[in-house]
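Topology and contacts: notes
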Amino acid sequence: MVDRPKLLLSDLPLQAQPALSRILDANLDRAREGLRIVEEWCRFGLNSSELATECKQLRQEIAKWHTPELRAFRDTLGDVGTELSHPQEETRANIGQLLQANLCRVQEALRVLEEYGKLYLAEMGSAFKQMRYRAYVLETNLLGYQRQQKLLQSSLYLVTSASENLFAVVEAALEGGLTLVQYRDKTANDDVRFEVAGKLCKLCHHYEALFIVNDRVDLALAVDADGVHLGQQDMPIATARQLLGPHRIIGRSTTNPAEMQRAIAEGADYIGVGPVFATPTKAEKAATGLEYVRYAAQNANLPWFAIGGIDPSNLNDVLSAGADRIAVVRAIMQAEQPTLVTQYFISQLTRVQTLRNYRSHLPQSHA
Ligand SMILES: Cc1ncc(COP(=O)(O)OP(=O)(O)O)c(N)n1
Ligand SMILES: Cc1ncsc1CCOP(=O)(O)O
Ligand SMILES: [Mg+2]
């Protein structure tokens, strides 16, 4: 038996009853529909029973307030607002936008229910205020979960270098299927960095790729990036976590097992492993060689990216040493055809990941 609150519609002035009921009815519908749309993605897109359950519980709680008394005033034909829609409602560029739009719709509807609900029944206002906060938490958790999932799915990481064709090259790589980009510019002024990072962030999000900022937590926050990459000389992970909150990604560079273990203990979401080979992009850092890649393959229990001097000609050596994720600068930033190089890297990385995954499911005697 659903425990329905007792509504006191008859206590209201007569002329206000239909309008108030229609507002509540329409917004109860709106909130429930929006949540259903988000729930479907949590369930089928993210396979997250936790997030899907939260959507469902919120929906069910809202449904308790959707009484026959309220529905009785529904007058769809007489609703002057059914024709009104914003052009943005007609198109959704990607899942991120679709989720954002529907979460926003849910939060707006909950706010309307909170305010008009107070005229209806005192408890309704406070009940919907609680639900509105739950919707905010849901949004943050969903965003964080999406980021971690995307990170796990990313096998190729483009770290940018200053270039006249920066946006064209990054877009070409995104066209090739790239899902993880780091903005790295060691020399530009802050005003330039801010402008470029903001534009790159938008570009990456348009392609549903993650956007990470090198070194600078403040810049990452300023442009609403998905996270930050910190080297051994950059700020401690714990401090960055405090500033960025629990749902953004923090990466750490490592060059040896001790740094790797420390980064894991400190709560990094991923690590860089290298420079594997000597590279002019990071000339001051000695190469770790493939030995450290082998160590990472055996010991790292978080996503790790082999980095440093990797290109199509030596990719196989890195993969044979156990890597299944790589990060590159020059191989894409200086490529004549960044889309093709990206596609080549991703196809090779996917091949080894599929093979290793298959082998890991074989009985020991066949592996
Ligand atoms: C994925 C990834 N790994 C390592 C690094 C290097 O970071 P850091 O040691 O801080 O050096 P700079 O990039 O800041 O010169 C990286 N950026 N990305
Ligand atoms: C930033 C960084 N950190 C370790 S190696 C490296 C640069 C890698 O650049 P490239 O792919 O051009 O060798
Ligand atoms: Mg750094």
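Let us look at the structure shown here. Every value quoted in this text rests on a predicted model; they were computed, and no experiment measured them.

Glancing now at the site of ligand 2. By nearness alone, every residue bordering ligand 2 is listed as R184, P275, T279, T281, K282, I307, G308, G309, V328, V329 and R330. The contact in question runs from an oxygen atom of ligand 2 to an N or O atom on the backbone of G309, over 2.7 Å. Between ligand 2 and V329, the relevant distance is 2.9 Å, taken from an oxygen atom to a main-chain nitrogen or oxygen of the residue. Summarising the interface, the protein chains cover 93% of the accessible area of ligand 2, which totals 370 Å² for the free molecule.

On any regular strand, side chains alternate: one points to one face of the sheet, the next to the other face. The alternating pattern of strand 4 (residues 227-230) places G227 and H229 and V228 and L230 on opposite faces, both of which are buried. Here strand 3 (residues 210-214) runs beside strand 4; their pairing, made up of three bridges, is parallel. Along strand 4, the bridge assignment pairs V213 with V228. For the segment spanning strand 3, helix 9 (residues 217-222) and strand 4, crossover handedness is right-handed. Where strand 4 and strand 5 (residues 249-254) come together, four bridges link them in parallel fashion. From the neighbouring strand, L230 faces strand 5, where its bridge partner is R252. Note on the crossover from strand 4 through helix 10 (residues 237-244) to strand 5: the handedness is right-handed.

Time to look at the sheet that holds strand 3. With parallel pairing, the eight strands of this closed barrel are ordered in space as 1-2-3-4-5-6-7-8. If you compare each strand with its neighbour and ignore which way they point, the axes differ by 25 degrees on average. The pairing of strand 1 (residues 156-159) with strand 2 (residues 180-183) spans two bridges and is parallel. Looking at strand 2, one finds that L158 is bridged to V181. Those strands touched by helix 11 (residues 257-266) are strand 5 and strand 6 (270-273), and its axis lies near 165 degrees from that of strand 5.

Thresholds, definitions, all that
Along each chain, the written sequence defines residue order, and numbers are assigned to residues from 1. For this description, chains carry letters from A and ligands carry numbers from 1, given in the order in which they are written. Where totals are concerned, whole chains, interfaces and linings use all residues; where local detail is concerned, this predicted model gives features only for residues with pLDDT of at least 70, and gives and counts side-chain atom pairs only at 80 or more. Excluding hydrogens and water, the side-chain values take into account all heavy atoms of the structure. Here a residue is considered near a molecule or strand provided that any single heavy atom belonging to it is located within 4 Å of it. Each polar contact in these results corresponds to two N or O atoms within 3.5 Å; when the atoms are within protein, one needs to be able to donate a hydrogen and the other to accept it, and residues that are neighboring in sequence are counted only if both atoms are side-chain atoms. Only the protein chains shown count as cover for residues, and all accessible areas are computed by the Shrake-Rupley method using a 1.4 Å probe. Each residue's exposure class comes from its accessible area (1.4 Å probe, protein chains only) as a fraction of the maximum for that residue type: buried when under 20%, exposed when over 50%, partly exposed otherwise. Think of it this way: any DSSP run of H or I at least four residues long counts as a helix, any run of E at least two long counts as a strand, and we number them from the N terminus. Pairs of strands are assigned from DSSP output, requiring at least two bridges between the strands. Seen with its strands pointing away from the viewer, a crossover is right-handed when the path leading from the first strand over the helix to the second is clockwise. To define axes, lines are fitted to C-alpha atoms, for helices over the stretch in contact only, and angles between the resulting N-to-C directions are given on a 0 to 180 degree scale. Residue contacts are defined here by distance: any two heavy atoms, one from each residue, within 4.5 Å place the two residues in contact.

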